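The chain contents come next:
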Amino acid sequence: MPMSSRSHTSPRRGASRQFSKSTREKKAKEKKQKAPAKYLQEESPQPTPQEIAEKTVSSLNKLGNQIFALSPFSQYFDDWLVTLRRTISEFETNAAIRPDEQFTKERAQIFLDVEAALAENRLQESNLTKEAKALADTNHQIVEADKEYAEKTRELSNKRNSEVQRLTRKIHELEDDLSNQQKIKISFYKFRERRRAQEKLEQTTKELDAAKAELEVTLQSFAAEQEKLHDNYEKRKQELSEESDRLHKELEKLESDTSITARQAACNALTDAVNALLKRMPQPNTPV
């Protein structure tokens, strides 16, 4: 009996000792595993407000100098604003930074200003198609003006040539008639016939003078009409050329990233606000 009793109790005591040893080893192992994390945490100090501000200013400088390469540039505005807001938000929400009311107001106004400026840029870019169409129409009008001037000049020239030919032919006929009359009159001996010939000669001379005067007036009239036509053409061409130049300049502006001015101004203003806040923040106590 005594032997039987010892044989039943020994395994339980051994199991209990084994269980206690296993638990102690597990706890020691867990404690050993946690130790490096504590050590690493102690070796990674939190960045100072100055370091946080410098990082933020560096990001603002990159954002302010960012140039959008492809038109329409407004396609980049939303992403740029999101990045800018995230940069300032990370600065404000950092535990080492304590934004005051002045900083909050300045930051809010700066964002309002840059958003308004970018909205204006967006509106200008929306006019790109309209401006391009206006330029195409203006250039077409210039071509049409050249064509119209050439046609009217040709018509006027043809009309002038036709009228001059008619009057010149009339003058030549009158001159020939006058020459013939001057030759014939000397062969008349009777007074009545000579008088009639003289009257006809005088009439032909008047008609010839009138035809020459009409030719001169006609030439002057066509010259004045041609000058007026040319002046109107030059005036119209000048107006259209100036409008074409203006539209070209507008399109050139829209083909370059003009938003950089407003974006740089916003980032510079935010940089000033960050630095000013840093100066207003209470300085940490210097360890003795």
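Right above here is the structure, for reference.
Residues numbered from 1 in each chain as written. Predicted model: local features only at pLDDT ≥ 70, side-chain atom pairs only at ≥ 80, totals over all residues. Heavy atoms only, no water.

### Side note on the overall build of the protein
Tallying secondary structure elements over the protein gives seven helices and zero strands in all. For the protein, the succession of helices and strands along the chain, N to C, is α-α-α-α-α-α-α. Counting only residues that meet the buried cut, the protein has 24% of its 288 residues in that class. Within the protein, contacts between residues separated by at least 24 positions form 86% of all contacts whose residues are at least 6 apart in sequence. Of the roughly 21,200 Å² that the protein leaves accessible, carbon and sulfur atoms contribute 52%. (Helix = DSSP H or I, 4+ residues; strand = E, 2+ residues; numbered from the N terminus. Buried < 20%, exposed > 50% of the residue type's maximum accessible area, 1.4 Å probe, protein only. Contact = heavy atoms within 4.5 Å. Areas by Shrake-Rupley, 256 points an atom, 1.4 Å probe, with all protein chains shown as cover.)

### With respect to the pattern of salt bridges
Throughout the structure, instances matching the rule amount to 13 salt bridges. Of the charged contacts, one joins Arg280 and Asp100 as a salt bridge, the two residues approaching to 2.7 Å between their closest N and O atoms. Of the two residues, Arg280 sits in helix α7 (residues 260-280) while Asp100 sits in the loop between α3 (77-93) and α4 (101-126), which places them 180 residues apart along the sequence. When the shortest N-O distance is used, the salt bridge between Arg166 and Glu163 registers 2.6 Å. You can see Arg166 and its partner Glu163 sitting in helix α5 (residues 128-184), three residues apart, about one turn around the helix. Classification of Arg166 as partly exposed rests on a relative accessible area of 33%. When salt bridges that share partners are traced, they join Glu163, Arg166 and Glu214 into one network. (Salt bridge = Lys/Arg side-chain N within 4 Å of Asp/Glu carboxyl O.)

### Looking at the side chain of Asp257
Locating Asp257 in the fold gives a position in the loop between α6 (191-254) and α7. In terms of polar contacts, Asp257 uses its side chain to reach the backbone amide nitrogen of Phe68, at 3.1 Å. Within the structure, Asp257 has its side chain in polar contact with the side chain of Ser259 (distance 2.6 Å). (Polar contact = N/O pair within 3.5 Å; in protein donor to acceptor, adjacent residues only side chain to side chain.)

### Examining the nonpolar core
One finds Trp80, Leu84, Phe91, Phe103 and Leu270 to be the most contacted residues of the largest nonpolar core, which totals 26 residues. Looking at this core, the elements with two or more residues in it are α2 (49-64), α3, α4 and α7. Considering every element that reaches this core, the biggest residue donor is α7, with seven residues. Apart from the residues lying within four places of it in its own chain, the contact partners of Trp80 are Leu63, Gln66, Phe68, Val114, Leu118, Arg263 and Cys267. Val164, Leu201, Leu208 and Leu215 belong to the second largest nonpolar core, which has nine residues in total. (Core = buried A, V, L, I, M, F, W, Y, C linked by side-chain atoms within 4.5 Å.)

### Overview of a negative patch on the surface
Where like charges cluster on the molecular surface, the negative patch consists of Glu173, Asp176, Asp177 and Glu207. With respect to the element layout, Asp176 can be found in helix α5. (Patch = residues over 30% accessible without salt bridge, like charges linked within 9 Å, V, L, I, M, F, W, Y side chains within 5 Å. Lys, Arg positive; Asp, Glu negative; His and termini not counted. Charge placed at Lys NZ, Arg CZ, Asp CG, Glu CD.)

### A short note on the environment of Thr218
Note that Thr218 resides in helix α6. C-alpha of Thr218 to C-alpha of Leu167: the two residues are 51 residues apart in sequence and 9.2 Å apart in space. What Thr218 contacts, discounting residues up to four positions off in sequence, is Glu163 and Leu167.

### Remarks on the packing of α2 against α3
Contact pair α2 / α3: the axes reach a minimum separation of 10 Å and the direction vectors enclose 170°. Our classification of the angle between α2 and α3 gives roughly antiparallel. Contact residues: α2 offers Ile52, Ala53, Thr56, Ser59, Leu60 and Leu63, while α3 offers Trp80, Thr83, Leu84, Thr87, Ile88 and Phe91. For the contact of α2 with α3, the per-class residue count stands at eight nonpolar, four polar and no charged. (Axes fitted to C-alpha atoms, helices over the stretch in contact; angles between N-to-C directions. Parallel < 35°, antiparallel > 145°, perpendicular 65-115°, else oblique. Nonpolar A, V, L, I, M, F, W, Y, C, P; charged D, E, K, R; others polar.)

### Details of the packing of aromatic side chains
Enumeration over the complete set of coordinates arrives at four aromatic pairs. Here Phe68 and Tyr76 contribute two aromatic rings whose centre-to-centre distance is 4.9 Å and whose plane-to-plane angle is 25°, an arrangement assigned as stacked. The class of Phe68 is buried, set by a relative accessible area of 5%. Accessibility expressed as a relative area gives 26% for Tyr76, which makes it partly exposed. Their ring planes at 55° and their centres at 5.8 Å tell us that Phe91 and Phe103 sit as a pair that is tilted. Residue Phe91 is located in helix α3, and its partner Phe103 is located in helix α4; the two are separated by twelve residues in the primary sequence. Given the relative accessible area of 1%, Phe91 is considered buried. The structure contains a cluster of three or more aromatic residues connected by ring pairs, namely Phe68, Tyr76 and Phe77. When the ring centre of Trp80 is taken as origin, the NZ or CZ atom of Arg263, which lies over that ring, is 5.3 Å away. (Phe/Tyr/Trp six-rings, centres within 6.5 Å; stacked < 30°, edge-to-face > 60°. Lys NZ or Arg CZ within 6 Å of the ring centre and 35° of its normal.)

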